[in-house]
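An overview of the molecular structure
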Amino acid sequence: MEAGDRLRTVRGGVRQTAGGRTAYLGDQFFLWLTRFLALAILALLSLIFYEVIVASKPSLQRFGFGFLTSTEWDPVAERFGALPFIFGTVASSLIALILAVPLSLAVATFLVELAPWWLRGPAGVAVELLAAIPSVVYGLWGIFVLVPFLRSTVEPPLIRSLGFLPLFRGPAIGVGLLAAGVILAIMITPIITAVIREVLLTVPRHQREAMLALGATRWETIRLVVLPYGRAGILGGVILGLGRALGETMAVTMVIGNRPEIALSLFAPAYSMASVIANEFTEATSAIHLSALVEIALILFLVTILINILARLLIWRVSRAVPGAVRE
Amino acid sequence: METVTRSTPPPVLERSEVFLIGSLRVEGLEASYGGRQILKGITMDIPAGAVTAVIGPSGCGKSTFVRCLNRLHEVVPGARVSGRVLLEGQDIYAPGVDPVVVRRRIGMVFQRPNPFPTMTIYQNVAAGLRVNGWDRRRTAEAVERSLRMAALWDEVKDRLHQPATGLSGGQQQRLCIARALAVEPDVLLMDEPTSALDPVSTLKIEELLIELRQRFTLVVVTHNMQQAARVADRTAFLLDGELVEFGPTAELFTMPRDRRTEDYITGRFG
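Residues numbered from 1 in each chain as written. Chains lettered and ligands numbered in written order. Predicted model: local features only at pLDDT ≥ 70, side-chain atom pairs only at ≥ 80, totals over all residues.

All right, on to the overall build of chain A then. Helix and strand content of chain A: 14 helices and two strands. Of all 328 residues assigned to chain A, the portion counted as buried reaches 37%. (Helix = DSSP H or I, 4+ residues; strand = E, 2+ residues; numbered from the N terminus. Buried ≥ 20, exposed ≤ 12 C-beta atoms within 10 Å, placed from the backbone.)

Domain parsing of chain A yields domain 1 (2-51) and domain 2 (83-286 + 293-321). The distance between the C-alpha centroids of domain 1 of chain A and domain 2 of chain A comes to 43 Å. (Domains from an automatic or database assignment.)

Attention now moves to the sheet that holds strand S4 (residues 79-87) of chain B. Residue and element names in this part refer to chain B. What the four strands build is an open sheet, ordered S2-S1-S4-S5; its pairing is antiparallel. The sheet is open, and its two borders are formed by strand S2 (36-46) and strand S5 (90-91), each paired with just one other strand. Strand direction decides the pairing type here: S4 and S5, joined by two bridges, are antiparallel. Residue pairing in the sheet places Leu86 in a bridge with Asp91 of S5. On top of the sheet, helix H1 (residues 62-69) reaches strand S1 (24-33), S2 and S4; it is set at about 60° to S2, its chief contact. (Pairing = 2+ DSSP bridges. Contact = placed C-beta atoms within 7 Å. Axes fitted to C-alpha atoms, helices over the stretch in contact; angles between N-to-C directions.)

All names here are of chain A. Phi is positive for Asn258, close to 50°, though the residue is something other than glycine. Along the polypeptide, Asn258 turns up in the loop between helix H12 (250-255) and helix H13 (273-280). Overall, Asn258 belongs to the partly exposed group, with 18 C-beta atoms counted inside 10 Å.

Counting 152 residues, the largest nonpolar core has Ala179, Ile183 and Val255 of chain A together with Val220 of chain B as the members making the most contacts within it. Per-element tally for this core: the top contributor is helix H8 (residues 177-201) of chain A, with 18 residues. In this structure Ile183 of chain A touches Tyr138, Gly142, Leu146, Ala251, Val252 and Val255 of chain A, once residues within four positions along its chain are discounted. (Core = buried A, V, L, I, M, F, W, Y, C linked by C-beta atoms within 7 Å.)

Residue and element names in this part refer to chain B. Across the sheet, six strands lie side by side as S6-S7-S8-S3-S9-S10; this open sheet has mixed pairing. Every other strand in the sheet has two partners, leaving strand S6 (106-109) and strand S10 (242-248) as the edge strands with one partner each. Strand-to-strand twist across the sheet, computed as the mean angle between neighbouring axes with direction ignored, equals 20°. Sheet topology places strand S9 (residues 234-239) next to S10; six bridges connect them, and they run antiparallel. Its bridge partner lying in S10, Ala236 is registered against Phe246. The strands touched by helix H6 (residues 169-182) are S6 and strand S7 (187-191); relative to S6, the strand with the most contacts, the crossing angle is about 170°.

This is how it looks when you write it as structure tokens:
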């Protein structure tokens, strides 16, 4: 009681002196400014969410849950279903992850653990520069280099040797899921590599030395100590890459083939949620077509949020299972 | 031994010479880091089956010295080593010698307890065995034996499969000692093993050192002269990268031959 009174007196005293008062007001102002800005972000997010729901209402009411399961996309007959687009987005992003994660792990490990000292800095910067290339440039490169290369060199031997699997069946067109996945992989590799590199740099030297001193080779040290130590952060980098892949529009639109179909083959053309919005939004004439496109945006929004939540849970679980992993 | 200096090359080893397991001989050891010379030619015999303490003020190169004995200094970019370190008469820096094999014979415990946080207590002790390809049964035996040797078994036997980070600092350091002992080295290097620990844990580790010297060659770096006096059979005093004096601990502390040693142990600097 008495202590509380004394505290209050001190605080009042500070408020009365001129210098103290300014500092106190400054703190208050800063608190409210940051609080306002933080809440503004939340408000903006809610507003987008609200607007998207309102705009997709006609489509929501007309197609209901069927929108998620229908594979039909017919603007003329005004029948719309989003499944091919969900499939295209998820499948191309997964292909991208499968290709990009091992590559990024290898590149980051090389840069941090194995590369000669003089190469580490420049090579690291070069990897980060890759992330700065505009996606339309990747798309152009995809159309003129990647797609012909896939069509002539990669797909035919795969069809010949593994064609008994549905995954590798069909004509070698070049454009399609595989091309989209490869382009996405190239685009997300820099960001995943950069994050993993930062994570590996935070692994304390004494951890590596402890393992080396036991008579472990470099590879064993990396595999048993360095990578496990950074696993929560590595997972974070992978999720960041996945988030980029899910939302990427331009480059994917240019190489995925833009056909709303679900095929098991990697070589078949497909369509992604972001691509269909970009392609059809300006040309949509009927209200219901427009509304269906907005509903696809809503789904993309939700899918992205869902994956981010899952990722947070995963990272939280991994770092909680190892009490020391996120400390230090 | 005092007659051997940098300018006189060591005598060529005869085939018939007999070496005690875990005996170390250092000849003209020089080390630098980023162009700065840290060790300026150190020559000394480290006896097997005894505790050798290395003392000296901070920055004198004592940490670098032990890190050269298991070829760990060279893993840091910009680090250079020259000279010879003979383990049982064989130079561990000779061309063709695999540092990985050297480190399996010469273990190390670090200044701060550094258990692997992603592993359990059991996995920590077994980490070195795993890379040496031991099978399950032998590993399990070695884990228990090492934990007993490190005087930690009774405290952890009921929670072997819990994260090692749940242990106290002193327990973690004994875990690191058990981890180093598990691969059955002949030499154990300790770089200020108690500097991050409380007095009770320090005492436990010192008792452990005295017990372990029967079976291992121990080299202990310490900034604590009382600790050297308590545990070491022989003590080396390093100053500015040079070996000033090396002899039986009691002798070095009671009648140092070198003026600088006397100044250091009487607290005139350091």
